[in-house]
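Topology and contacts: notes
As a plain string of letters, each chain reads:
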Amino acid sequence: SINSIKWGTLDDASYQSVYNYYKGLIAFRKAHPALRLSSAAEVNQYVTTVSTGTSNCVAFQIKGGQEGERAKNIFLVFNANTTAAQITLPEGEWNVYVQGDKAGTQVLGTATGSVSVEPISSLILVQEDPIEDNIGGGASAGLGTGAIIAIAAVVVALVIGGVILAMHLMKNHA
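Residues numbered from 1 in each chain as written. Predicted model: local features only at pLDDT ≥ 70, side-chain atom pairs only at ≥ 80, totals over all residues. Heavy atoms only, no water.

From N to C terminus, the protein chain includes three helices and nine strands. Along the protein chain, helices and strands appear, N-terminal first, in the series α-α-β-β-β-β-β-β-β-β-β-α. In the protein chain, which comprises 174 residues, the proportion classed as buried is 37%. Taking contacts inside the protein chain between residues at least 6 apart in sequence as the whole, the part at least 24 apart equals 64%. Working note: accessible area of the protein chain is about 9800 Å², and carbon and sulfur atoms make up 56% of it. (Helix = DSSP H or I, 4+ residues; strand = E, 2+ residues; numbered from the N terminus. Buried < 20%, exposed > 50% of the residue type's maximum accessible area, 1.4 Å probe, protein only. Contact = heavy atoms within 4.5 Å. Areas by Shrake-Rupley, 256 points an atom, 1.4 Å probe, with all protein chains shown as cover.)

Another aspect to go through is the pairing of strand 2 (residues 57–63). Among the seven residues in strand 2, five count as buried, and that is most of the element. Linking strand 1 (residues 47–50) to strand 2, which pair antiparallel, is a turn of six residues; within it Gly53 sits at a positive phi near 75 degrees. As judged from the seven bridges shared by strand 2 and strand 3 (residues 71–79), these two strands associate in the antiparallel manner. Each bridged residue has a counterpart across the sheet, and for Lys63 the counterpart in strand 3 is Asn73. (Pairing = 2+ DSSP bridges.)

Without other data, these values stay purely geometric and don't point to any function.
Following this line, the structure appears as structure tokens:
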């Protein structure tokens, strides 16, 4: 089936690009505590939805500050369109870590102003924090409306990311 992983064939050359992409995404997530928020209060505190001005394209900015997080901000864009999307970045210089079929903990390039996000793909950029002694923020109990909206936005992003990934797999292995 389309969504299954054939563990016995991962060394096959035809699967290496997808395998390396997944491996890079996992390494990137492990390197960033900001991508492992554990409560609605933390999501509400750190995650902001960003208007892209493009239908079928969603973006989020995650503020750093969690214990062990060295990024000042992480900017994620998911483009579910069959055409590229031009997205305005928040102010500052951003390092690209996930783009097209490449993902990992090595900088792929830098961007300022705006970026083009490839069709049916994601783009993840990091604004590095020169101060590496971030102190984790506390979380309060209870779910406010803002927390529920933020959680819903993250869930939508994960669903769209899954759809994009499935489309990417089908496109590369059709």
